[in-house]
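Reading the structure
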Amino acid sequence: MKESRFNQKVYWVVGASSGIGKQLAISLSQFPCKLIISARNESALIDLQNEYQKEDSITVLPMDLSASQKELTDISHQAYQIHQQLDGIFLVGGISQRASFEEMALSTFEKIMQVNFWGALHITKAVLPYLKKSDDPMIVCINSVQGKMGIPDRTAYAASKHALLGFMDSLRAELHPFGIQITNILPGYVKTDLAKNALQADGSQQGQLDEGKGGITVEKAALDILHYASIGKSEAVIGRPREQAAVYIKRFFPKLLEKLVRKKS
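Residues numbered from 1 in each chain as written. Predicted model: local features only at pLDDT ≥ 70, side-chain atom pairs only at ≥ 80, totals over all residues. Heavy atoms only, no water.

When you go through the chain residue by residue, the secondary structure sums to eight helices and seven strands. Compactness check: the chain gives a C-alpha radius of gyration of 18 Å against a globular reference of 18 Å for 265 residues, within 12% of the reference. With the principal axes as the frame, the chain shows a C-alpha extent of 50 × 35 × 30 Å. Here the contacts in the chain between residues at least 6 apart in sequence split such that 70% fall between residues at least 24 apart. Treating the 31 positive side-chain charges of the chain as one cloud and the 27 negative ones as another, the clouds have centres 8 Å apart. (Helix = DSSP H or I, 4+ residues; strand = E, 2+ residues; numbered from the N terminus. Rg over C-alpha atoms; globule rule 2.2 N^0.38 Å. Contact = heavy atoms within 4.5 Å. Lys, Arg positive; Asp, Glu negative; His and termini not counted. Charge placed at Lys NZ, Arg CZ, Asp CG, Glu CD.)

Structure below.
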């Protein structure tokens with residue numbers, strides 16, 4: 001990891017109240033940089049700030065990714081105004097699903113798209129002018145292996161992640177003249193509450209973790225993310241070997257992956 005890349009920078013971690021986002025904030029707090037941490041759960045953000053604060057290095061900025069474009073744009077401007085500087089954003093927040101498409105209310109599908117795709121898009125749009133002022137800007141987008149492939153009962157989640165991956169890939173090409181690095185991270189299963197908070201067909205939360213899924217720890221995920229961001233990687237799959245292999249099977253042996261995925265349903 002090129003730790004020096006994080007020195008004297010200002011980063012905005014969106015989705016910092018739990019899981020990967022929280023651990024990224026904790027890991028980044030060890031470097032001489034300033035952090036802005038955002039999520040809906042303000043009390044969790046304040047607890048994080050109180051525990052890892054160093055000389056006013058962490059600022060809490062509550063937000064809801066399902067908010068309107070205007071609200072997210074206004075919050076993005078507030079994030080820049082805190083230090084009159086913004087060198088990078090870590091787009092982590094998101095929600096998953098546990099429901100078949102046929103049974104799923106369209107409002108639930110739309111909510112997942114709003115949070116996972118449109119929320120990230122609106123924030124990115126708003127902060128681009130500020131990132132262009134940085135001498136080393138980056139956008140780190142936490143996607144999913146399901147941005148490359150779909151599995152049963154994840155139609156909305158996979159759609160949102162496919163859309164987000166395509167958006168960021170195109171944006172990377174557009175922003176190359178401005179030196180803005182975009183790193184897409186595609187995790188497999190990570191030990192977080194993503195499954196517990198996943199939406200069911202009617203929009204209610206599942207309320208429990210998936211059985212027997214396992215996954216890597218958030219500490220391992222955060223370490224890998226910061227490593228790939230620090231070396232300027234455009235895309236990286238992190239997680240267990242089986243999930244990393246699935247991405248390559250999808251690319252070279254798509255019919256085989258289809259058979260494997262059907263067995264999971």
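Checked against the element boundaries, Arg240 lands in the loop between strand 7 (235–238) and helix 7 (241–252). On the basis of relative accessible area, Arg240 is assigned to the buried category, the value being 15%. Engagement of the side chain of Arg240 in a polar contact is seen with the side chain of Glu243, the distance being 2.5 Å. (Buried < 20%, exposed > 50% of the residue type's maximum accessible area, 1.4 Å probe, protein only. Polar contact = N/O pair within 3.5 Å; in protein donor to acceptor, adjacent residues only side chain to side chain.)

A few words on the pattern of salt bridges. The final tally for this structure, using the stated rule, is eight salt bridges. Here Lys220 ties to Asp224 by a salt bridge, and the two come within 3.2 Å at their closest N and O atoms. With Lys220 and Asp224 both in helix 6 (residues 218–230) and four residues apart, the pair spans about one turn of that helix. One network of salt bridges, with partners in common, ties together Lys255, Glu258 and Arg262. (Salt bridge = Lys/Arg side-chain N within 4 Å of Asp/Glu carboxyl O.)

Among the residues making up helix 2 (residues 42–52), those that are buried are Ala44, Leu45, Leu48 and Gln49. The arc enclosing the buried residues of helix 2, seen along the axis, measures out at 140 degrees, which places them on a common side. What points out from helix 2, more than 90 degrees from its buried face, is the exposed set Asn50 and Glu51. In the core, the buried residues of helix 2 are packed alongside helix 1 (19–28), strand 2 (34–38) and strand 3 (58–60). (Arc of directions from axis to C-beta.)

All right, on to the UniProt feature "domain: Ketoreductase" (unreviewed entry) in the chain then. UniProt records the feature "domain: Ketoreductase" (unreviewed entry) at residues 9–188, using the numbering of this structure. With 46% helix and 16% strand, the stretch residues 9–188 has end C-alpha atoms that lie 29 Å from each other. (UniProt positions renumbered as here; feature names shortened; annotations may be inferred.)

Of note, the phi angle at Gln8 is positive, near 60 degrees, even though the residue is not glycine. Mapped onto the fold, Gln8 is located in the segment before strand 1 (10–14). Judged by relative accessible area, Gln8 falls into the exposed class, the value being 60%. One non-glycine residue, Asp153, lies in the positive phi region at around 65 degrees. The topology assignment puts Asp153 in the loop between strand 5 (138–142) and helix 5 (155–175).

The next point concerns the side chain of Asn116. Within the element layout of this structure, Asn116 appears in helix 4 (residues 106–131). According to the relative accessible area criterion, Asn116 is buried, its value standing at 2%. At 3.1 Å, the side chain of Asn116 and the side chain of Ser160 are in polar contact.

This paragraph deals with a nonpolar patch on the surface. A contiguous nonpolar patch, built from Tyr248, Phe252, Phe253, Leu256 and Leu260 and spanning about 540 Å² of accessible area, is present on the exposed surface. Looking at the nonpolar patch, the elements with two or more residues in it are helix 7 and helix 8 (254–263). Among the structural elements, Phe253 can be located in the loop between helix 7 and helix 8. Residue Phe253 is classed as exposed on the basis of its relative accessible area of 53%. (Patch = residues over 30% accessible without salt bridge, like charges linked within 9 Å, V, L, I, M, F, W, Y side chains within 5 Å. Areas by Shrake-Rupley, 256 points an atom, 1.4 Å probe, with all protein chains shown as cover.)

With that settled, the discussion passes to helix 6. The end-to-end C-alpha distance of helix 6, which contains 13 residues, comes to 18 Å, matching closely the 18 Å that a straight helix rising 1.5 Å per residue would cover. Along helix 6, the residues that are buried comprise Val218, Ala221, Ala222, Asp224, Ile225, Leu226, Ala229 and Ser230. Following helix 6 by one or two positions, Gly232 adopts a phi angle in the positive range, close to 80 degrees. (Expected span 1.5 Å × (residues − 1).)

Looking now at the sheet that holds strand 1. Within the open sheet, the seven strands sit side by side as 3-2-1-4-5-6-7. Their pairing is parallel. The open sheet is flanked by strand 3 and strand 7, the only strands paired with a single partner. Each adjacent strand pair in this sheet contributes to an overall mean axis angle of 15 degrees, direction not counted. Where strand 6 (residues 181–187) and strand 7 come together, four bridges link them in parallel fashion. Residue pairing in the sheet places Asn184 in a bridge with Glu235 of strand 7. Each of strand 4 (88–91), strand 5, strand 6 and strand 7 is contacted by helix 5, which is oriented at about 160 degrees to strand 6, the strand it contacts most. (Pairing = 2+ DSSP bridges. Axes fitted to C-alpha atoms, helices over the stretch in contact; angles between N-to-C directions.)

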